Number of protein chains: 2
Amino acid sequence: MSITRLFAQRLLSVRLQSLTATSHRSVVRPVTPISPLVLHIQPQSKIRYSSKTPKDDPDEMGKQQITLKNVKGSRDWAGVDIAVRDKIFEKITTTFKKHGAVSLDTPVFELKEVLAGKYGEDSKLIYDLADQGGEISSLRYDLTVPFARWLAMNAGVNSIKRYHLAKVYRRDQPAVTKGRMREFYQCDFDIAGTYDPMLPDSEVLALTVEILDSLNIGEYTIKLNHRQILDGLFEVCGVPQDKIRPISSAVDKLDKSPWEEVRKEMTEQKGLDPEIADKIGQFVLKKGGRDLLEELEKTESLASNETIKKGLADLRLLFDYLDIYDVTKKISFDLSLARGLDYYTGVIYEVVTELSAPPAVSQNPTIATKGKKKAKINKDDPDADRSDDDTVGVGSIAAGGRYDDLVGMFSGKAKIPCVGISFGVDRIYSIIRKRLEDSQQPLRSSEVDVYVMAMPEGSGENKNGFLKERMALANQLWKGGIKAEFLAKACPKMQVQFKAAENADVPFAVIIFNEQLGLDTVRIKKLGLRDLPEGHPEKEGIAVPVKDLVEEVKKRLESTTGIEQYISRVKLEENVVTGAESSTST
Amino acid sequence: MSITRLFAQRLLSVRLQSLTATSHRSVVRPVTPISPLVLHIQPQSKIRYSSKTPKDDPDEMGKQQITLKNVKGSRDWAGVDIAVRDKIFEKITTTFKKHGAVSLDTPVFELKEVLAGKYGEDSKLIYDLADQGGEISSLRYDLTVPFARWLAMNAGVNSIKRYHLAKVYRRDQPAVTKGRMREFYQCDFDIAGTYDPMLPDSEVLALTVEILDSLNIGEYTIKLNHRQILDGLFEVCGVPQDKIRPISSAVDKLDKSPWEEVRKEMTEQKGLDPEIADKIGQFVLKKGGRDLLEELEKTESLASNETIKKGLADLRLLFDYLDIYDVTKKISFDLSLARGLDYYTGVIYEVVTELSAPPAVSQNPTIATKGKKKAKINKDDPDADRSDDDTVGVGSIAAGGRYDDLVGMFSGKAKIPCVGISFGVDRIYSIIRKRLEDSQQPLRSSEVDVYVMAMPEGSGENKNGFLKERMALANQLWKGGIKAEFLAKACPKMQVQFKAAENADVPFAVIIFNEQLGLDTVRIKKLGLRDLPEGHPEKEGIAVPVKDLVEEVKKRLESTTGIEQYISRVKLEENVVTGAESSTST
């Protein structure tokens, strides 16, 4: 662990050093010089240029004024940002595979009719493709409906554990710095098939805890509810059948708005009898654990309702299984959780962190669900980025539930019960990113292990930078499976080559010193950058025959933890929050 | 290597066995039962159902008739297909990183004006998003223009090696089984920055050979040309400036159509003087290596043209560098190669295999470029799939070139010279897939290493399947980082559990035998499926204490190459075609 610290400190010092030396850093530069903050925190600003038409190109290209920006609510991923994000993907995928999931990849667009009527009030957020002749299609809104469509199309598959990491599209109000995007990643894990009750459901929740703890995401709570309990509750309170989904959506807003507002939406916008609304209010603000479950079981008016009874039985069994997986402490049984989507039929859940709630509330360690300022919707520009709107939080970082009827909606064959969860990686990323910024850990985006360089000889006409020899050495290393680069100039100064290697934090240099060693021998030098006084690269290093180069380099790489790997481990896994420490259930 | 064979044969026998046992294979089934052929070879057939509206859901969902199919020219990736495809991605990415590339991820859509005027005649193939208010955008047509847009937006970046694996979109005529899709993957590698001539260009070509050989793609040729040579040639022949790009596109069709047709397009459709067309014809049918280069250098009429002279100087230098990387033998300098896209300014290249040309021609071992039947375009349905049209081949599997002015078109800052290549993974996949089908290698899509099962006890009411114990064991294995599954039933028969494990080709079983061993000890059993007579799982295996389970399993996994990894190695790397064997340059 002391080595950890040493290494981290040393890399930190390198980073700080290099930050003060940006003027030297223009050569063979990997993407790191762009501050991750620029990529991450600031939505890229518009740049307006009148673009040039290259003389050697007579056609129309680029004659018009071009606004250089990303499409609203979308972003580029580069440099350290993408290195960290891919590390998150890797950890999530590893856990998915650990649970036996296989990969599935569906097209970014689906026939519009496939998506129709699956998303309730949110259907208005679907992106349509222009009708250019042929089929009418839309960008996928999530990965669940395409999965169900695929199951329905492949009659041979009655059960499968599948995972899918891909971007989905929603024309929603963006808040870029909070990871609320219009194009964003979802990482889905679903279990399809007929099994004994609550077994797949409990595995999904166990997997969720496994993943979030491995990501060191900090405190989080899994809000849990059951559609049948909620729907039965509405029945008992006297909500008409045709109002159940709309009222359900209203209840779902209790994590953002106080009861008074939700009640107003129910009665004024959705025409619910105020008495019924108040009855609902008595229940939907309750949350807890097994205790709440038992309270409901004892409440005659509810327990006598068949739908509710089924839901309660499910949850009782589920809690038993969650105990076996040792994740019950993460669960908050929350009657206000409704989930907007139409297709859920059983258990539903949503993972929230302190950052999920608006800043105004997040100070409160237990994730409160009441008493927030009303969100100021910018009426002038519905597309406005709301990153600075302190009534907007990051939102839930993962959510899902059971949907037993979705596949049946598409297919003639017997319905296939499904349960799953979707992780919102952009939001998870922005939480981890913030922590990394606070911790000021040094980060690296390139993975190059060896920089091939040469001490030039002669001068003027006879100056020799040993270009072809450097190319041949690099080629030898590549063929040997080693990540290597060289400076693509005929005769660069030694110092410039060292700078280039430093800038990419490359751990080893392979150096040609023809005068001393000839061309059949090179030096391998560990680039401990602290040891290099600016502009005075040391000359020592270990001489090895060129024919043994690959072998010699590999020997040294094995004894060095790859820096990129190393930092990643520091980044995501140091002080992993254990379940016990981070329990926030109430 | 004999072990390789043994293992492969044994897995083959398993596969054949299991093919005859599909009736037993419905439990906890990974996606493998769908024949990859169904997913791969047959474009999924339409299925028409009137979808049911689930009783517990009162809203509109699924009331309409739904056609279950993928959007034209797109496909799902599942099972063995995606396992093989991801292996291809992995090999390509590894090589990209070996050359120092960092990852970049841009949105699937760009502002329409960003794409405008970059793709010449192919611009008509761009997918537009519907105007739903806000910005007008289109799906990306390639990964190059978004990369240039990103470079222009990030003033801090003057040089970068970047790679990008993502789907791109073209409303072209699909030929699904030949990997000609409307949504398809590109794997791009580009070097941006000001370096000495031809150094980045030669590295891109070296990397291309490295990747294709590592994929054991079979025979292939890298067609090479230079935009300045081609444009200068058109000047010399007397083509008016405003006709150069259109005539260039016509020439590019010489790999599909005979000269007579191309000449007709030039003269009749594009109004070129027949004499000029004939002059062009004298040159553009030439191909070769250095020999052709020298021939052109000796041709006074050409060598005196400044533009051509620049191009020839580039190629001379390039050939020297390609010799150092030992890839010259893969190159065919081909004056008919023009590349449709507008933005190329220097060296251009395209990789073709025997399958690239239409079937009618591919018998011809050297990839001929003349004398083909005319493609029968289905006038009634431009969307028709042309998989069976024998005038359509797989096309090029990789292509690219130098584009020095594209970034400058977007940005006010000094232009950034770029060169790169794009690999068409769907086409590479369909070539490898075909080889795998012919070789009948056994394939596996799940990666699970351990199946947890229990010998049930008692009967009726007292029947015990040790569900909670199986769950706890699985949880212990997951926490230990081991890929494990169990049958999600309360009390399944032993035989059913073994079948489930067999069906996923899981290498190890962990078995609870309470009567013999109690619950603190389990047996670890290697699942050599040949040794299991149908329905008579053997009872032996090694007894280990539950507390040591993770350790004991890991020990055994280390000594077994993970099956999935193993097969992958057999799949892609056995008899790698060496440069020498596969040289097809003429």
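Residues numbered from 1 in each chain as written. Chains lettered and ligands numbered in written order. Predicted model: local features only at pLDDT ≥ 70, side-chain atom pairs only at ≥ 80, totals over all residues. Heavy atoms only, no water.

Looking at an unreviewed UniProt entry, chain A carries the name Histidine--tRNA ligase, mitochondrial, with the source organism given as Orbilia ellipsospora. The UniProt entry for chain A carries the following comment under Subcellular location (unreviewed entry): "Cytoplasm". (UniProt positions renumbered as here; feature names shortened; annotations may be inferred.)

## Structural notes on the overall build of chain A
A tally of regular secondary structure across chain A gives 22 helices and 18 strands. In chain A, buried positions account for 63% of the 586 residues. A separation threshold of at least 6 residues defines the contact pool for chain A, and within that pool the share at least 24 residues apart is 74%. Summed over all atoms, the accessible surface of chain A reaches about 21700 Å², with 52% contributed by carbon and sulfur. (Helix = DSSP H or I, 4+ residues; strand = E, 2+ residues; numbered from the N terminus. Buried < 20%, exposed > 50% of the residue type's maximum accessible area, 1.4 Å probe, protein only. Contact = heavy atoms within 4.5 Å. Areas by Shrake-Rupley, 256 points an atom, 1.4 Å probe, with all protein chains shown as cover.)

## Examining the packing of aromatic side chains
Going through the model one piece at a time under the given rule, you end up with 27 aromatic pairs over all chains. Relative to B:Phe109, the ring of A:Tyr169 lies with its centre 5.6 Å away and its plane at 65 degrees, an arrangement referred to as edge-to-face. Of this pair, A:Tyr169 sits in strand β6 (residues 160–169) while B:Phe109 is found in strand β4 (residues 109–111), placing the two residues in two different chains. The buried category is assigned to A:Tyr169, whose relative accessible area is 2%. Note that B:Arg85 overlies the ring of B:Trp77, its terminal NZ or CZ placed 4.9 Å from the centroid. The ring centre of B:Tyr127 lies 5.5 Å from the NZ or CZ of B:Arg171, which sits over that ring. (Phe/Tyr/Trp six-rings, centres within 6.5 Å; stacked < 30°, edge-to-face > 60°. Lys NZ or Arg CZ within 6 Å of the ring centre and 35° of its normal.)

## Thoughts on the confidence of the model for chain A
Residues and elements named next belong to chain A. On average, residues of chain A score 80 in pLDDT, and 74% of them reach the 70 mark or higher. Predicted confidence for residues 1–64 stays below pLDDT 50, and this span has 140 contacts to residues more than four positions away or in other chains. Below pLDDT 50 for its whole length, residues 361–377 participates in 34 contacts with residues either more than four positions away or in separate chains. Across the whole predicted complex the pTM is 0.81, and at the interface the ipTM reaches 0.80. (pLDDT = per-residue confidence, 0-100.)

## Focus: helix α9 (residues 259–269) of chain B
In an α-helix there are 3.6 residues to a turn, and that puts residues three or four apart on one side. All names here are of chain B. Here α9 has its buried residues at Trp259, Val262, Glu265, Met266 and Thr267. Buried residues belonging to α9 abut α8 (244–252) and α10 (274–284). Of the residues one or two after α9, Gly271 is the one with positive phi, at around 60 degrees.

## Remarks on the side chain of B:Asp201
All names here are of chain B. Considering the arrangement of structural elements, one finds Asp201 in helix α6 (residues 199–214). Engagement of the side chain of Asp201 in a polar contact is seen with the side chain of Arg402, the distance being 2.8 Å. Apart from the residues lying within four places of it in its own chain, the contact partners of Asp201 are Leu318, Val347, Arg402 and Val419. (Polar contact = N/O pair within 3.5 Å; in protein donor to acceptor, adjacent residues only side chain to side chain.)

## Points about the packing of helix α17 (residues 467–479) of chain A against α6(B)
Relative to each other, α17(A) and α6(B) sit at 25 degrees, their axes nearing to 12 Å. In terms of their interaxial angle, α17(A) and α6(B) are classed as roughly parallel. The element α17(A) and its partner α6(B) pack so that their crossing is right-handed. Along its contact with α17(A), which presents A:Leu467, A:Met471 and A:Trp478, the element α6(B) presents B:Leu199, B:Ser202, B:Glu203 and B:Glu210. Here the residues of the contact of α17(A) with α6(B) are counted per class, giving four nonpolar, one polar and two charged. (Axes fitted to C-alpha atoms, helices over the stretch in contact; angles between N-to-C directions. Parallel < 35°, antiparallel > 145°, perpendicular 65-115°, else oblique. Left-handed = near helix turned anticlockwise from the far one by under 90°. Nonpolar A, V, L, I, M, F, W, Y, C, P; charged D, E, K, R; others polar.)

## As for the packing of α6(B) against helix α13 (residues 306–324) of chain B
Residue and element names in this part refer to chain B. Running from N to C, α6 and α13 cross one another at 45 degrees; their axes reach a closest spacing of 9 Å. What the angle tells us is that α6 and α13 run oblique. Handedness of the α6/α13 crossing: right-handed. Residues Leu199, Asp201, Ser202 and Leu205 of α6 pack against Leu318, Tyr321 and Leu322 of α13. The residue inventory of the contact of α6 with α13, partitioned by class, reads five nonpolar, one polar and one charged.

## Notes on the sheet that holds strand β11 (residues 347–353) of chain B
Residue and element names in this part refer to chain B. The nine strands lie next to each other as β3-β6-β7-β13-β12-β11-β8-β10-β9, forming an open sheet whose pairing is mixed. Taken across any chain shown, the strands that pair with only one partner, and hence form the sheet edges, are β3 (102–103) and β9 (287–288). Relative to strand β13 (residues 418–424), strand β12 (residues 398–402) runs antiparallel, the two being bridged by five bridges. Following the sheet pairing, Ala399 is matched in β13 by Ser422. Helix α3 (residues 79–98) contacts β6 (160–169), β7 (183–192) and β13 of the sheet and is inclined by roughly 5 degrees relative to β7. (Pairing = 2+ DSSP bridges.)

## Looking at the pairing of strand β7 (residues 183–192) of chain A
All names here are of chain A. Within β7, ten of the ten residues are buried, leaving the element largely enclosed by the surrounding structure. Burial along β7 is two-sided: the residues Glu183, Tyr185, Cys187, Phe189 and Ile191 and Phe184, Gln186, Asp188, Asp190 and Ala192 are all buried. Bridging between β6 and β7 involves ten bridges; their strand directions are antiparallel. What sits directly across from Ala166, in β7, is Gln186. Taken together, the seven bridges between β7 and strand β13 (residues 418–424) define a ladder with antiparallel strand orientation. Considered in β13, the bridge of Phe189 is made with Ile421.

## Regarding the sheet that holds strand β18 (residues 542–545) of chain A
All names here are of chain A. Strand order across the open sheet formed by five strands is β15-β14-β16-β17-β18, with mixed pairing between neighbours. At either margin of the open sheet sits one strand with a lone partner, and together these are β15 (484–486) and β18. The average angle at which neighbouring strand axes cross in this sheet is 30 degrees, direction not considered. Relative to strand β16 (residues 508–512), strand β14 (residues 450–454) runs parallel, the two sharing five bridges. In the sheet register, Val450 faces β16, and the bridge partner there is Phe508.

## A short note on the nonpolar core
Grouped together as the largest cluster of nonpolar side chains are 106 residues, with contacts concentrated most on B:Phe96, B:Met266, B:Ile280 and B:Phe423. Looking at this core element by element, the count peaks at eight residues for α6(B). (Core = buried A, V, L, I, M, F, W, Y, C linked by side-chain atoms within 4.5 Å.)

## Topic: the environment of B:Lys310
Residue and element names in this part refer to chain B. Topologically, Lys310 is positioned in helix α13. Residue classification places Lys310 among the partly exposed residues on the basis of a relative accessible area of 49%. In this structure the C-alpha to C-alpha distance between Lys310 and Gly232, which are 78 residues apart in sequence, comes to 9.7 Å.

## Details of the pairing of strand β17 (residues 521–526) of chain A
Residue and element names in this part refer to chain A. The sheet contact formed by β16 and β17 spans four bridges and is antiparallel. By the bridge assignment for β17, Ile511 is matched with Arg523. Strand direction decides the pairing type here: β17 and β18, joined by four bridges, are antiparallel. Bridge assignment links Ile524 to a residue of β18, and that residue is Ile542.

## Side note on the pattern of salt bridges
Residue and element names in this part refer to chain A. Under the defined criterion, the tally for this structure stands at 76 salt bridges over all chains. Across the pair Arg433 and Asp81 runs a salt bridge, and its minimum N-O distance is 3.5 Å. You can see Arg433 sitting in helix α16 (residues 425–439) and its partner Asp81 sitting in helix α3 (residues 79–98), a full 352 residues away along the chain. Among the residues examined, Arg433 registers a relative accessible area of 2% and is labelled buried. A relative accessible area of 0% means that Asp81 is categorised as buried. Between Asp548 and Lys547 there is a salt bridge, with the nearest N and O atoms lying 3.2 Å from each other. (Salt bridge = Lys/Arg side-chain N within 4 Å of Asp/Glu carboxyl O.)

## Focus on unusual backbone geometry
In most cases, non-glycine residues show a negative phi, while peptide bonds are predominantly trans. If you check the backbone angles, A:Phe466 has positive phi at about 55 degrees while not being a glycine. Counting through the fold element by element, A:Phe466 comes out in the loop between β14 and α17. Its relative accessible area of 3% is what places A:Phe466 among the buried residues. At B:Asp505, a residue that is not glycine, the phi angle is positive and equals roughly 50 degrees. For B:Asp505, the location among the structural elements is in the loop between α18 (494–503) and β16 (508–512). B:Asp505 sits in the buried class, given a relative accessible area of 9%.

## Brief notes about helix α6 (residues 199–214) of chain A
Residues and elements named next belong to chain A. Between the first and last C-alpha of α6 there are 23 Å, a value that for 16 residues agrees with the 22 Å anticipated at 1.5 Å per step. Most of α6 sits out of view: 15 of its 16 residues are buried. Asn216 sits one or two positions beyond α6 and adopts a positive phi of about 50 degrees. (Expected span 1.5 Å × (residues − 1).)

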